[in-house]
Amino acid sequence: MSNTLAKYTISHISKRLNQINPQISLSHQTPFPHRALLSQYRFRKKFVEIRADGTIRGGMSRMITSLIDFSFIRSLTAHCYSQFGHPCYDPPSLFLIGLFRYIDGYPDIPKFRQHLCDDDKGRGYRSYAGLCMKHLPCEATFSNFRTRLGETLYNEILHVLIDIFHQLEMVTFKVLAHDGTLYPSWARYRGCTYFCDKCPNITVENVLEKVRSRILYRLNSAGSGTESSLGSEARVYAECPSDRFPEDVKKPKIELFAFKLAFSDGQPSLEQQNTAHLFGVAEELQKQHLCIQTLRSNILNINPDTGSIAICCPKLPKDTHARIGVRRDPQNPDKKQKIFGYN
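Colleague: I'd love a proper account of the pattern of salt bridges, names of residues and values included.
Modeller: In the structure shown here, the tally under the stated rule is 7 salt bridges. The salt bridge involving arginine 74 is made with aspartate 90; its shortest N-O contact spans 2.6 Å. With arginine 74 in helix 3 (residues 72–76) and aspartate 90 in the loop between helix 3 and helix 4 (91–103), this pair connects stretches of sequence that are 16 residues apart. One exposure class covers both arginine 74 and aspartate 90, and it is buried. The closest approach of N and O atoms between arginine 235 and glutamate 233, which form a salt bridge, is 3.0 Å. Relative accessible area serves as the criterion here: at 38%, arginine 235 is assigned to the partly exposed category. Overlapping salt bridges, with partners in common, bring together Glu233, Arg235, Glu255 and Arg296 in one network.

Now the structure itself:
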């Protein structure tokens, strides 16, 4: 029985790249216009040694440059350079320096450049990229190189590398999988757990008549000498229409409108007048020199003919992609635990 992992050994990958590298070179044959170069990248096939503990002699940088020929970058970037002007760095050299910094985990170019300038520590990087101590690029050189190429050309280079891994069958593009690992973040989930697509626009029937009745009741209470109804907050609720709630979870009530009755100082504002006419209590309020002060409203639009309104549920969370899921309690596997961000 053949080992299915044999195609991922260094010897097998090296043999496959002996065929892939020439194919890429034949596909990118645009000559580089500038002949005066401050660096000179050359692909040199070197022996790759993997130690018993799994580490690579010379690191990932040595292995990658020993197997893949990056000369195609020179052809892809040829149109960005002119045959005239001051000497420039070989494009593969600058690209590889950025690649080395990334795969070896350096936080930024200044930190990596300090390592690059070291006689001993940077010798390998300089050799792989075709640089010499006499002409080492400064931080501005890398910034200018990224600006010169732009995002589109950088992606084109990366697509060539991805195609190499595709031909090596390390990337198949067939399956995209993810796990449920929890990562700490600053996210906060505030709102109803059982929201749905209807929550941003909920229609509630016969609201105008209910509000009118509440206002008339308060006006009658005020007229009979009870002053507590004036100035106190009144809220109008409706039951949540969602059918996503489990049977053991009580549906919450949605606040539609909150208001209070107050004495009007002179002429009520246009908004207060329109609100009074909408609920059909303008005359009653005028008799007692009162007005409606709106405290909160979740109303989107109103249909005066049917008395219905459309609201946006105030308990709709800001982050509608976040959910509160359930997992097994790590301390007690027999119990379930609600947790944010876990599916």
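Colleague: A description of a nonpolar patch on the surface should follow, citing residues and the corresponding values.
Modeller: On the surface, a nonpolar cluster with roughly 710 Å² of combined accessible area is contributed by Leu5, Tyr8, Leu158, Ile162, Phe165, Met170, Val171 and Phe173. A relative accessible area of 35% means that tyrosine 8 is categorised as partly exposed.

Colleague: If you had to explain the sheet that holds strand 5 (residues 299–303) to someone new, which residues and values would you point to?
Modeller: Taking strand neighbours across the sheet as the criterion, the 3 strands line up as 1-6-5 in an open arrangement whose pairing is antiparallel. Because the sheet does not close on itself, it has two edges, and the strands there are strand 1 (202–204) and strand 5. The mean angle between the axes of side-by-side strands here comes to 20°, regardless of whether they run parallel or antiparallel. Inspection of the sheet shows strand 5 paired to strand 6 (residues 308–311) by 4 bridges, in the antiparallel sense. Directly across from asparagine 303, in strand 6, lies its bridge partner serine 308.

About the cut-offs
Residues numbered from 1 in each chain as written. Predicted model: local features only at pLDDT ≥ 70, side-chain atom pairs only at ≥ 80, totals over all residues. Heavy atoms only, no water. Salt bridge = Lys/Arg side-chain N within 4 Å of Asp/Glu carboxyl O. Helix = DSSP H or I, 4+ residues; strand = E, 2+ residues; numbered from the N terminus. Buried < 20%, exposed > 50% of the residue type's maximum accessible area, 1.4 Å probe, protein only. Patch = residues over 30% accessible without salt bridge, like charges linked within 9 Å, V, L, I, M, F, W, Y side chains within 5 Å. Areas by Shrake-Rupley, 256 points an atom, 1.4 Å probe, with all protein chains shown as cover. Pairing = 2+ DSSP bridges. Axes fitted to C-alpha atoms, helices over the stretch in contact; angles between N-to-C directions.

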